[in-house]
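Breakdown of the fold
Residue strings, one per chain:
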Amino acid sequence: MEAALIIVAALVGVGAILYVHHRLCGTKSSATPPVREEMPAQAHTPSDDGCCGLHATCERDSLIDAVSPEIEYFDDEELDRFAGRRPESYDDDEIEEFREVLLSMPADNIAPWARSISLRGISLPGCIADELLLIVSEARAERSGKPKV
């Protein structure tokens, strides 16, 4: 009985170590992804709201840097001085400066602006990042016709 408990404990220990290693190293599956066939060119035509429907999320609404690696400025070059700063290091006046830029921007430009800010190495203050996510989610819900939550 004692030998069985030792074996079970060893298996649990090895399993825990492997799990932690997997989580920390981010190992990927070695399986190759399935090959996608390209859609015909006429299927890529954008709809009235500017999205082509080809992507899971519209590139225009995406906050992910990799979607559009080109840096686009929105008359906010003054924010470049914050590049490399940690979000918790901003004082109240600097936070208000971010808020003014965010709230003066048309809703359609907010997601591309957030991508641009990220590509420029600027971290948004926590409260501004929360406001930005709220504005983007409300705009997406409004466009899709879903009720606001």
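Predicted model only: the values in this text are computed from it and were never measured. (Residues numbered from 1 in each chain as written. Predicted model: local features only at pLDDT ≥ 70, side-chain atom pairs only at ≥ 80, totals over all residues. Heavy atoms only, no water.)

**What about the confidence of the model for the protein?**
Which entries qualify depends on this criterion: A residue's pLDDT is the predictor's confidence in that residue, given on a scale from 0 to 100. Throughout, a contact is declared for two residues whenever any of their heavy atoms are within 4.5 Å.
Averaged over every residue, the pLDDT of the protein is 74; the share at 70 or more is 68%. Contacts of residues 29-49 to residues separated by more than four positions or lying in other chains number 11 contacts, the stretch itself having pLDDT below 50. The low-confidence segment residues 52-56, where pLDDT is below 50, has six contacts with residues more than four positions distant or belonging to other chains.

**What about helix α4 (residues 126-144)?**
Counted only if it meets this: Secondary structure is summarised from DSSP: a helix means a run of H or I of at least four residues, a strand means a run of E of at least two, and numbering begins at the N terminus for each. Multiplying 1.5 Å by the residue count of a helix minus one yields the expected span of that helix. Only protein chains enter the accessibility calculation, which uses a 1.4 Å probe; a residue is then buried when its area is under 20% of its type maximum, exposed when over 50%, and partly exposed in between.
Spanning 19 residues, α4 covers 27 Å between terminal C-alpha atoms, matching the ideal 27 Å at 1.5 Å per step. I128, L132, V136, A139 and A141 are the residues of α4 that are buried. Close packing links the buried residues of α4 with α2 (92-103) and α3 (107-119). Looking one or two residues beyond α4, the residue adopting positive phi is G145, at roughly 85°.

**Considering α3**
Buried within α3 we find I110, A111, P112, W113, A114, R115, S116 and I117. In this structure, the buried side of α3 is in contact with α2 and α4. Just beyond α3, the residue with positive phi is G121, at close to 80°.

**A few points about the packing of α3 against α4**
So the rule is basically this: To obtain an axis, a line is fitted to C-alpha atoms, over the contacting stretch when the element is a helix, and the angle between two such axes runs from 0 to 180 degrees between their N-to-C directions. Should an angle fall under 35 degrees it is called roughly parallel, over 145 degrees roughly antiparallel, and 65 to 115 degrees roughly perpendicular, with every other angle called oblique. Crossing handedness is defined as follows: a turn of the near helix away from the far one that is anticlockwise and smaller than a right angle gives a left-handed crossing, while the clockwise case is right-handed. When residues are grouped by polarity, Ala, Val, Leu, Ile, Met, Phe, Trp, Tyr, Cys and Pro land in nonpolar, Asp, Glu, Lys and Arg in charged, and all others, Gly among them, in polar.
Direction vectors running N to C along α3 and α4 enclose 135°, while the axes themselves pass 10 Å from each other. One finds that α3 runs oblique with respect to α4. With respect to the hand of their crossing, α3 and α4 are arranged in left-handed fashion. Of the residues in α4, those in contact with D108, I110, A111, W113 and A114 of α3 are L132, I135, V136 and R143. Grouping the amino acids of the contact of α3 with α4 by side-chain chemistry returns seven nonpolar, no polar and two charged.

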